[in-house]
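So the chains spell out like this:
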Protein chains: 2
Amino acid sequence: MDDLLRFLRIPSISADPAFAGEVRKAADFVRSWLERAGLENAQLIDSQEAGAHPIVYADWTHAPGQPTLLLYGHYDVQPPDPIEEWISPPFEPSIRNGNIYARGAADDKGQLFMLMESVAESLRKNGGHLPINVKFLIEGEEESGGRHIDRFVMENAPALSADAAVICDTAMFAPEIPSITTGLRGIVYGEIAVEGAAHDLHSGDYGGAAPNALEAVAQIVSSLKSREGKILIPGFYDRVQPPSAAEIDAWSRLPFDPEQFRENEVGSPALTGELGFDVLTRIWARPTLEVHGIRGGYTGEGAKTVIPATASAKISLRLVPDQIPNEIATQIASAIAAACPKGVTARFNLMHSAPPCLIDPNNPFLTKAAEAMEHVFGKSTAYIRCGGSIPIVSLFKQKLGIPSVLLGFGLPDDQIHAPNEKLCISNYLRGIASLIEYYTLLSNPR
Amino acid sequence: MDDLLRFLRIPSISADPAFAGEVRKAADFVRSWLERAGLENAQLIDSQEAGAHPIVYADWTHAPGQPTLLLYGHYDVQPPDPIEEWISPPFEPSIRNGNIYARGAADDKGQLFMLMESVAESLRKNGGHLPINVKFLIEGEEESGGRHIDRFVMENAPALSADAAVICDTAMFAPEIPSITTGLRGIVYGEIAVEGAAHDLHSGDYGGAAPNALEAVAQIVSSLKSREGKILIPGFYDRVQPPSAAEIDAWSRLPFDPEQFRENEVGSPALTGELGFDVLTRIWARPTLEVHGIRGGYTGEGAKTVIPATASAKISLRLVPDQIPNEIATQIASAIAAACPKGVTARFNLMHSAPPCLIDPNNPFLTKAAEAMEHVFGKSTAYIRCGGSIPIVSLFKQKLGIPSVLLGFGLPDDQIHAPNEKLCISNYLRGIASLIEYYTLLSNPR
């Protein structure tokens, strides 16, 4: 536990170049910790690229005939802003009410440390041996969108060969409900860019004759989705697969109250979204379109009567199986062109994308993880989905041909990416115990 | 001319508190210049309000039985940004190709100086006498939206009594076409404010169930105007009066080519606006709605998947006779409420407004001004309108009961509010000559 607190004290903020030294310090910490614990080949892998942060690799592969797990986590953290809202300082871990409060406590240093500690303890208990083989692959750019890990996995697939990946970077559905995530939405993120007049114009002199690029952006954004939440892009839903009957049945038994969700988590007068689908289905298994920011004209204090010559909107679409990011990007580009009003031009600039993915819940690497957690938590494991995107899962599937076991021990109220991030200490301990149990179960095929 | 250049060197930027001393210096310059020229009661009038800039007043009222003109202008200027686009520094006047280049050359120091110089020269020529009575009312908050002048006019109507106001702060329709503006559009400016969730949410976790305030703003903005430029606010057009047959006839004879206007002034692929109205009618005599800026979510570099909890849009409506600002503000508030989608609340916050106004072109103060300019320019005077708003014109009409003679000697390409603002020197000289001739014509009723 002291080691985890030391780890949490390192402000490894990957998005801020001023903290590059601290990010490296965190990588060094992980590398040397794993080496001391008995892992082999512990090393930092640097990228040629300016501003990139190192990957930490280490392995132990002396259990022939036993499965190999690729253990993934990240040692970098989100910036702590707004810093004044923290009750205790973000990089001075504080223990209160059975929780550790610190930036990275849940996302992902604390959860990564469960993987590290479970392997170390397993080595100690078994006299320097593990019941299975492990390869640690730990990155420092998860929170800053760096692509070092992508290139590394693509270029080193043989060395990273494994039977499954284990990722501790998600949350349990609710306290006391051990959970495995079996589906992630994909994403297409880009910008609608509109150009009208040659330069900004005065609305007194030109209003009524000159095109307004900002108005065009609003019209285009509005045209993409109906007021009932249906996305109006031709072909958009063609490949959407409904969740399986087993999933729908399992979700209906989860302790979930839409009214409490609205009141406690969202806080709006009403929930929105597609008619005919319940809330969990809408956020887990239905695609969406959101606008994240609109730029153009004047947004400062007071009044300015400008007709903006250019404007843009950042939008993203969350995708579900079997939607294909490139196909969706083409569809949205066409829809934007079709919705473009007179007097302006509009185009779609794709910024990044990731495919949706499903993980077969009957895969033995998942069923044994569920079994291990059930032993430790004394409750049956819930199979849930996550509405977000974890691009590394698709990468592991496509480039290494392996499934990912998304074993999360965070809680929905852990405040990741926000002030007062925390990790529940009993979940931390039960997470480690579950992982140790998991390694043992994997080595004893029944 | 040297005096004008000295005046232009003072950076009297009223919107920037750092330049308050320079603004006052410009006011002092005007006051003492008028006093030296032979005007009486020359004084600065300060406001109690913090950050207000002084009004300059001076008069000469020794022509009993002759009309009295209230001569209005402003000595403050717009900020010069972007400063790197100026060919010569904004506050070091430079004479090139028959123009004076400087911030304020046309708007409004140069045009104000025509009023000052015409009176001074008239006094000199007539041995310290004028053919008419004059009262100068010169403000320093025109570019910063200050309301000192409004309060001063309302509280001092008897002292400001006059037969007509003369305002040199507009432009000629085209080079060599002396012009009088006989109509101004009014304005209603405000903000659409939308609130949804209690705080920003992550689109992965909540997309499909939580309302997006920014999307709601786009939907509301789009709902207010059709793609054919028709404003869809119930009752909005009820009071709109078409221009008179004489105006339509006069406008049709102006040298105006919509295609050149599109290419040279707007620079967009096409012009926009209401079907069934020509360009001059659309910008002079039809009401409009424009969106000036949309705030909410994330507009920085890169991708952020936020669902904005709040968002807002600055919008304005340009009004034409006989639309009433308060009535329009009520209509727009209702239309916004009606267009508000599920899950959010929306309201309209009025920021400022001004009524539209028409000035009778047959008023003798206008016909004599037209005659004076025709003598000097050797061309007949065009009666035009302006799509912008000059709130002081309505104030003079309502509080002093006098018409305003909008005698502008600027040109459409003077780049007011932009880098490389200029004033054509021959227009400056002919403007002064026209004003002197005007005073003489007014004193000799035929």
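What you see is a predicted model; the values in this text were computed from it and never measured.

*Asks:* Tell me about the overall build of chain A, and please be specific about residues and values.
*Replies:* Within chain A, the secondary structure is distributed over 13 helices and 18 strands. Counting only C-alpha atoms, chain A reaches 85 × 50 × 45 Å along its principal axes. Within chain A, the fraction of its 446 residues that count as buried is 61%. Of the contacts formed within chain A by residues at least 6 apart in sequence, a portion of 79% connects residues at least 24 apart. With an accessible surface of roughly 17100 Å², chain A has 51% of that area assigned to carbon and sulfur atoms. For chain A, the separation between the mean place of its 37 positive charges and that of its 54 negative charges on side chains is 2 Å.

*Asks:* Break down the pattern of salt bridges for me, citing the residues and quoting the values.
*Replies:* For side chains of opposite charge, pairing can occur when their charged atoms come near one another. Scanning the entire structure with this criterion turns up 39 salt bridges over all chains. Each of Asp-413, Asp-414 and Lys-422 of chain A takes part in a single network of salt bridges with overlapping partners.

*Asks:* Describe in detail the sheet that holds strand 18 (residues 422-424) of chain A, supporting the description with residues and values.
*Replies:* All names here are of chain A. With antiparallel pairing, the three strands of this open sheet are ordered in space as 4-5-18. Taken across any chain shown, the strands that pair with only one partner, and hence form the sheet edges, are strand 4 (94-96) and strand 18. Averaged over neighbouring strand pairs, the angle between their axes works out to 25° when direction is ignored. In this structure, strand 4 lies alongside strand 5 (residues 99-101), joined through three bridges in antiparallel fashion. Its bridge partner lying in strand 5, Arg-96 is registered against Asn-99. Against the sheet, helix 13 (residues 425-443) engages strand 4, strand 5 and strand 18, with an angle of about 60° to strand 18.

*Asks:* Can you lay out the side chain of Asn-427 of chain B for me, pointing to particular residues and giving the numbers?
*Replies:* Mapped onto the fold, Asn-427 of chain B is located in helix 13 (residues 425-443). When residues no more than four places from it in sequence are discounted, the contact partners of Asn-427 of chain B are Met-114, Met-172, Phe-377, Phe-409, Gly-410 and Leu-411 of chain B.

*Asks:* Can you explain the domain arrangement of chain A? Please cite residues and give values.
*Replies:* Residues and elements named next belong to chain A. Domains assigned within chain A are domain 1 (2-184 + 356-443) and domain 2 (186-240 + 287-354). One C-alpha centre belongs to domain 1, the other to domain 2; they are set 37 Å apart. The partner domain 2 presents eight residues to the nine residues of domain 1 that form the contact. Across the domain 1 to domain 2 interface the summed buried area is about 580 Å²; carbon plus sulfur atoms make up 65%. Counting the contacts that link domain 1 with domain 2 gives zero salt bridges. The interface formed by domain 1 and domain 2 includes one residue pair in polar contact (both at pLDDT 80 or more). Classifying every residue of the side of domain 1 that touches domain 2 by side-chain character gives five nonpolar, three polar and one charged.

*Asks:* Please give an account of the relation of the copies chain B and chain A that cites residues and values.
*Replies:* Between chain B and chain A, which share one sequence, the superposing operator has a rotation angle of 180° and an axial displacement of 0.2 Å; the RMSD is 0.2 Å. Within this description, the copies of the chain are treated as partners about a two-fold rotation axis. Ranked by how close their C-alpha atoms come to the rotation axis, the residues of chain B are headed by Ala-218 of chain B, at 2.2 Å. The share of interface residues of chain B whose copies in chain A are also at the interface is 100%, consistent with both copies meeting through the same surface.

*Asks:* Give a description of unusual backbone geometry that names residues and reports values.
*Replies:* Omega for the bond connecting Asp-81 of chain A with Pro-82 of chain A falls within 30 degrees of zero, at -5°, which places this linkage in the cis form. Within the secondary structure, Pro-82 of chain A is located in the loop between strand 3 (68-74) and strand 4. The omega torsion across Asp-107 of chain B and Asp-108 of chain B is 0°, close enough to zero to call that bond cis. Mapping Asp-108 of chain B onto the fold places it in the loop between strand 5 (99-101) and helix 3 (109-125). Positive phi is not limited to glycine here, since Gln-415 of chain A has a value of about 60°. Topologically, Gln-415 of chain A is positioned in the loop between strand 17 (404-408) and strand 18. When its relative accessible area of 40% is taken as the criterion, Gln-415 of chain A is described as partly exposed.

*Asks:* For the packing of helix 6 (residues 213-223) of chain A against helix 6 (residues 213-223) of chain B, give the residues involved together with the corresponding values.
*Replies:* Closest axis-to-axis distance for the helix 6 of chain A/helix 6 of chain B pair is 8 Å, and the angle between their directions is 110°. Taken together, the axes of helix 6 of chain A and helix 6 of chain B lie roughly perpendicular to each other. The two elements helix 6 of chain A and helix 6 of chain B cross, and the hand of that crossing is left-handed. For the pair helix 6 of chain A and helix 6 of chain B, the contacting residues are Ala-218, Gln-219, Val-221 and Ser-222 of chain A in the first and Ala-218, Gln-219, Val-221 and Ser-222 of chain B in the second. A class-by-class count of the residues in the contact of helix 6 of chain A with helix 6 of chain B yields four nonpolar, four polar and no charged.

*Asks:* A description of the packing of helix 4 (residues 148-155) of chain A against helix 12 (residues 391-400) of chain A should follow, citing residues and the corresponding values.
*Replies:* Residue and element names in this part refer to chain A. Interaxial distance between helix 4 and helix 12 falls to 10 Å at its minimum, and their mutual angle equals 15°. Here helix 4 is positioned roughly parallel relative to helix 12, judged by the angle of their axes. Here the hand of the crossing between helix 4 and helix 12 comes out right-handed. Of the residues in helix 12, those in contact with Ile-149, Asp-150, Val-153 and Met-154 of helix 4 are Ile-392, Leu-395, Phe-396, Lys-399 and Leu-400. Its residues assigned to classes, the contact of helix 4 with helix 12 comprises seven nonpolar, no polar and two charged.

*Asks:* Describe the sheet that holds strand 11 (residues 288-295) of chain A, and please don't skip the residues or the numbers.
*Replies:* What holds strands together in a sheet is hydrogen bonding between their backbones, with the strands either parallel or antiparallel. Residues and elements named next belong to chain A. Strand order in this open sheet of four strands is 11-13-9-14, and the pairing throughout is antiparallel. Looking along the sheet, the strands with just one partner apiece sit at the ends: strand 11 and strand 14 (345-354). Sheet twist, expressed as the average angle between the axes of neighbouring strands with direction ignored, equals 20°. Sheet analysis places strand 9 (residues 186-195) next to strand 14, joined by nine bridges and oriented antiparallel. In the strand pairing of strand 14, Glu-195 is matched with Thr-345. The strands touched by helix 6 are strand 9, strand 11, strand 13 (310-319) and strand 14; relative to strand 13, the strand with the most contacts, the crossing angle is about 15°.

*Asks:* Outline the pairing of strand 8 (residues 179-184) of chain B, supporting the account with residue identities and numerical values.
*Replies:* Two faces, one strand: in a regular strand the side chains alternate between the faces of the sheet. Residue and element names in this part refer to chain B. Of all six residues that make up strand 8, six are buried, and the element is covered over most of its length. For strand 8 and strand 17 (residues 404-408), the ladder comprises three bridges, and the chain directions are antiparallel. Directly across from Ile-180, in strand 17, lies its bridge partner Leu-407.

*Asks:* Can you explain the packing of aromatic side chains? Please cite residues and give values.
*Replies:* Applying the stated criterion across every chain yields a total of 26 aromatic pairs over all chains. Ring plane angle 75° and centroid distance 6.1 Å describe the contact between Tyr-72 of chain B and Phe-396 of chain B, whose orientation is recorded as edge-to-face. Of the two residues, Tyr-72 of chain B sits in strand 3 (residues 68-74) while Phe-396 of chain B sits in helix 12 (residues 391-400), which places them 324 residues apart along the sequence. Counting every residue linked through ring pairs, the aromatic cluster contains Phe-173, Trp-251, Phe-256, Phe-261 and Trp-284 of chain A together with Tyr-206 of chain B. Taking the ring centre of Phe-7 of chain A as reference, the NZ or CZ of Lys-109 of chain A above it sits at 5.2 Å.

*Asks:* Any details on helix 11 (residues 364-377) of chain B? Residues and values, ideally.
*Replies:* Residue and element names in this part refer to chain B. Helix length check: helix 11, at 14 residues, gives a terminal C-alpha distance of 19 Å against a target of 20 Å (1.5 Å per residue), a fit within 8%. Every buried residue of helix 11 is listed here: Phe-365, Leu-366, Lys-368, Ala-369, Ala-370, Ala-372, Met-373 and Phe-377. Where helix 11 is buried, its residues touch strand 3, strand 7 (164-167), strand 8, strand 16 (382-386), strand 17 and helix 13. The residue sitting at the N-terminus of helix 11 and contributing the capping side-chain oxygen is Asn-363; that oxygen lies 2.7 Å from the backbone nitrogen of Phe-365. Of the residues trailing helix 11, Gly-378 is marked for its positive phi of about 70°.

*Asks:* Mind laying out the interface of chain B and chain A, listing which residues take part and the relevant values?
*Replies:* Taken together, the contact pairs 78 residues of chain B with 78 residues of chain A. Taken together, the two surfaces of chain B and chain A that pack against each other cover about 5800 Å², and 53% of this comes from carbon and sulfur. The largest contributions to the chain B side of the interface with chain A come from Ala-209, Arg-227 and His-292 of chain B, which together make up 11% of the buried area. Run the count over chain B and chain A and you get three salt bridges. Ionic pairing is found between Lys-225 of chain B and Glu-215 of chain A, a salt bridge with its closest N-O pair at 2.9 Å. Inspection of the region where chain B meets chain A yields 45 residue pairs in polar contact (both at pLDDT 80 or more). Partitioned by chemical class, the residues of the side of chain B that touches chain A number 33 nonpolar, 30 polar and 15 charged.

*Asks:* Report on the state of the cysteines, specifying residues and quantitative values.
*Replies:* Scanning the model with the defined rule gives zero disulfides over all chains in all. The structure places no disulfide on Cys-168 of chain A, whose sulfur is separated from the nearest cysteine sulfur, that of Cys-386 of chain A, by 14 Å.

*Asks:* Could you give an account of the side chain of His-148 of chain B, with specific residues and numbers?
*Replies:* Residue and element names in this part refer to chain B. By the secondary structure assignment, His-148 is in helix 4 (residues 148-155). Among the residues examined, His-148 registers a relative accessible area of 6% and is labelled buried. Leaving out residues up to four positions away in the same chain, His-148 has contacts with Ile-45, Asp-46, Ser-47, His-53, Pro-54, Ile-55 and Glu-141.

What counts, and where the lines are drawn
- Residues numbered from 1 in each chain as written.
- Chains lettered and ligands numbered in written order.
- Predicted model: local features only at pLDDT ≥ 70, side-chain atom pairs only at ≥ 80, totals over all residues.
- Heavy atoms only, no water.
- Helix = DSSP H or I, 4+ residues; strand = E, 2+ residues; numbered from the N terminus.
- Buried < 20%, exposed > 50% of the residue type's maximum accessible area, 1.4 Å probe, protein only.
- Contact = heavy atoms within 4.5 Å.
- Areas by Shrake-Rupley, 256 points an atom, 1.4 Å probe, with all protein chains shown as cover.
- Lys, Arg positive; Asp, Glu negative; His and termini not counted.
- Charge placed at Lys NZ, Arg CZ, Asp CG, Glu CD.
- Salt bridge = Lys/Arg side-chain N within 4 Å of Asp/Glu carboxyl O.
- Pairing = 2+ DSSP bridges.
- Axes fitted to C-alpha atoms, helices over the stretch in contact; angles between N-to-C directions.
- Domains from an automatic or database assignment.
- Buried area = accessible area lost by both parts, 1.4 Å probe.
- Polar contact = N/O pair within 3.5 Å; in protein donor to acceptor, adjacent residues only side chain to side chain.
- Nonpolar A, V, L, I, M, F, W, Y, C, P; charged D, E, K, R; others polar.
- Least-squares fit on C-alpha atoms with pLDDT ≥ 70 in both.
- Parallel < 35°, antiparallel > 145°, perpendicular 65-115°, else oblique.
- Left-handed = near helix turned anticlockwise from the far one by under 90°.
- Phe/Tyr/Trp six-rings, centres within 6.5 Å; stacked < 30°, edge-to-face > 60°.
- Lys NZ or Arg CZ within 6 Å of the ring centre and 35° of its normal.
- Expected span 1.5 Å × (residues − 1).
- Disulfide = S-S within 2.5 Å.

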